[in-house]
Amino acid sequence: MADPVLKWAGGKRQILQRIREHFRRAEDIEGYHEPFVGGGAVFFREGHEYGGGTINDINVRLVNFYRVLKNDTEGLLDEFSLLRERKPDDEPNSALDYDQVDQHDREIDNYYYQVRAIFNKRPNGEEFDEVREAAIMLWLNRTCFNGLYRENRSGEFNVPIGSHKNLGLDMDAKIQQAADALKSADVDIKNEDFGYVEDYAEPGDLVYFDPPYDPNSASSSFVEYTSESFGKDEQRRLKELAVDLDAKGVDVVISNAPSVTDLYEEEEVAKYFDHSKVGARRAINSDGDSRGEVNEVIITNIDEEDRRHAHPNLSDYP
Ligand SMILES: C[S@@+](CC[C@H](N)C(=O)[O-])C[C@H]1O[C@@H](n2cnc3c(N)ncnc32)[C@H](O)[C@@H]1O
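A brief look at the structure comes next. (Residues numbered from 1 in each chain as written. Predicted model: local features only at pLDDT ≥ 70, side-chain atom pairs only at ≥ 80, totals over all residues. Heavy atoms only, no water.)

**Let's talk about the overall build of the chain**
Moving on, step 1. Across its full length, the chain holds 11 helices and seven strands.
Moving on, step 2. Relative to its full complement of 318 residues, the chain shows a buried share of 53%.
Moving on, step 3. The contacts of the chain with a sequence gap of at least 6 include a subset with a gap of at least 24, amounting to 72%.
Moving on, step 4. Of the roughly 14300 Å² of accessible surface on the chain, a fraction of 43% belongs to carbon and sulfur atoms. (Helix = DSSP H or I, 4+ residues; strand = E, 2+ residues; numbered from the N terminus. Buried < 20%, exposed > 50% of the residue type's maximum accessible area, 1.4 Å probe, protein only. Contact = heavy atoms within 4.5 Å. Areas by Shrake-Rupley, 256 points an atom, 1.4 Å probe, with all protein chains shown as cover.)

In structure tokens form, the structure reads like this:
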């Protein structure tokens, strides 16, 4: 078991237990797939404990981060500590060789915006250093406002500086634990549209979908994880995929905004899918001003008697 290392809008920590109650018991899950992995609250909590599978996200930088976390944990820790150790009064860290960092500007705010500009430049080809990008992503994620990842229409990370309180020294241990979780399972880290999972999920596997919220929902500001948008057509495509996976004998659990439930109430779907509402308090919002109760729905094709909450025994949980 590990914790997510990146804070991610739509993170599922608060309703984690409610989501997991809808799963089968651990010993009945043969493989695990999470096509909208984001911060990976469910994957790091338990998804990595099954017999392999996939995690995926359309966000290219997020996927680079997970690949580096898995394949070069030491390199990531080293780069991250270089960024973290820089104090407002330091010279720009020569080891980072950040040409763009203004030698004369020693204020931490400027350091933040300069690092952010470097991140957004994202050099291609030989210039691209995936370990550095992963470390910067983590550092920005822990120092930006509300720990929120958001891109503008040109695909640039545009969140302003936040407090530095999040840069706890326990980060290295957390990073190591998350890396161990990624290494412990035969998990493929993919960077595709969620539709890939149709070819990967086998009967007996569990697919947990946590898509961006429907743009018509009250919490539509949560859809801005990338410059791509996720609208009604995508929600419909997701429903069709869920139906196909069901026909293949794959377990499906989806968390979503209540506004999509009508899709799952359509006749041919309602036969196989069931939904329940859950409340979640949102700590992250792109405006930071509405932190109220947000209802979510959990949709699943797993029969009620096969779900963990039908067996309220803690040993059912990994
Ligand atoms: C609600 S977030 C997932 C949050 C995650 N469960 C967590 O605990 O942090 C949705 C994710 O879907 C990704 N995404 C958006 N459109 C996608 C698509 N078409 N295919 C795959 N991933 C997509 C976004 O980049 C975002 O990371």
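**Description of the site of the ligand**
Moving on, step 1. The environment of the ligand is made up of 25 residues, and the closest members are Trp8, Gly39, Asp57, Asp193 and Asp210.
Moving on, step 2. Between Asp210 and the ligand, the recorded distance is 2.5 Å, taken from a side-chain N or O atom to a nitrogen atom.
Moving on, step 3. Compared with its free state, where it exposes 620 Å², the ligand has 97% of that area covered by protein.
Moving on, step 4. Across the shell around the ligand, the residue classes tally to 11 nonpolar, eight polar and six charged. (Near = heavy atom within 4 Å. Polar contact = N/O pair within 3.5 Å; in protein donor to acceptor, adjacent residues only side chain to side chain. Nonpolar A, V, L, I, M, F, W, Y, C, P; charged D, E, K, R; others polar.)

**Focus on the nonpolar core**
Moving on, step 1. By size, the foremost hydrophobic cluster in this structure holds 61 residues, and its most contacted members are Phe23, Phe65, Tyr66, Leu69 and Ile175.
Moving on, step 2. It is helix H6 (residues 130-143) that contributes the most residues to this core, eight residues altogether.
Moving on, step 3. The two domains that each donate at least three residues to this core are domain 1 (16-60 + 174-316) and domain 2 (64-164).
Moving on, step 4. Beyond its immediate sequence surroundings of up to four residues, Phe23 is in contact with Ile29, Tyr32, Val42, Glu46, Leu206, Tyr208, Val253, Ile302, Asp306, Arg307 and Arg308. (Core = buried A, V, L, I, M, F, W, Y, C linked by side-chain atoms within 4.5 Å. Domains from an automatic or database assignment.)

**Digging into the pattern of salt bridges**
Moving on, step 1. Tallying each qualifying case throughout the model produces 14 salt bridges.
Moving on, step 2. For Lys12, the salt bridge identified is with Glu296, shortest N-O distance 3.8 Å. In this pair, Lys12 is assigned in the segment before helix H1 (16-21) and Glu296 in strand E7 (residues 293-300), connecting sequence segments 284 residues apart. As far as burial versus exposure is concerned, Lys12 and Glu296 are alike and both buried.
Moving on, step 3. Ionic contacts of the salt-bridge type, sharing partners, join the residues Lys12, Asp210 and Glu296 into one network. (Salt bridge = Lys/Arg side-chain N within 4 Å of Asp/Glu carboxyl O.)

**A closer look at the packing of aromatic side chains**
Moving on, step 1. Throughout the structure, instances matching the rule amount to 16 aromatic pairs.
Moving on, step 2. Between the aromatic rings of Phe36 and Phe230, the centroid separation amounts to 5.6 Å while the plane-to-plane angle is 85°, which identifies the pairing as edge-to-face. Of this pair, Phe36 sits in the loop between strand E1 (32-34) and helix H2 (41-45) while Phe230 is found in the loop between strand E4 (206-209) and helix H9 (232-247), placing the two residues 194 residues apart along the sequence.
Moving on, step 3. Of the residues examined, Phe36 reaches a relative accessible area of 13% and is grouped as buried.
Moving on, step 4. In this structure Phe230 comes out as buried when scored by relative accessible area, which is 9%.
Moving on, step 5. Here the aromatic residues Trp8, Phe119, Tyr149 and Phe157 are joined through ring pairs into a cluster of three or more.
Moving on, step 6. In this structure, Arg61 is placed above the aromatic ring of Phe119, and the distance from its NZ or CZ to the ring centre is 3.9 Å. (Phe/Tyr/Trp six-rings, centres within 6.5 Å; stacked < 30°, edge-to-face > 60°. Lys NZ or Arg CZ within 6 Å of the ring centre and 35° of its normal.)

**Examining a negative patch on the surface**
Moving on, step 1. Among the surface-exposed residues, Glu198, Asp199, Glu240, Asp244, Glu267 and Glu268 lie close enough to one another that they form a single negatively charged patch.
Moving on, step 2. Mapping Asp244 onto the fold places it in helix H9.
Moving on, step 3. Taking relative accessible area as the criterion, Asp244 reaches 38% and is therefore assigned partly exposed. (Patch = residues over 30% accessible without salt bridge, like charges linked within 9 Å, V, L, I, M, F, W, Y side chains within 5 Å. Lys, Arg positive; Asp, Glu negative; His and termini not counted. Charge placed at Lys NZ, Arg CZ, Asp CG, Glu CD.)

**Concerning the environment of Leu140**
Moving on, step 1. Relative to the assigned elements, Leu140 resides in helix H6.
Moving on, step 2. For Leu140, a relative accessible area of 1% corresponds to the buried category.
Moving on, step 3. The sequence separation of Leu140 and Tyr113 amounts to 27 residues, and the corresponding C-alpha distance is 9.6 Å.
Moving on, step 4. In contact with Leu140, not counting residues within four places along its chain, are Tyr112, Val115, Arg116, Phe119 and Phe157.

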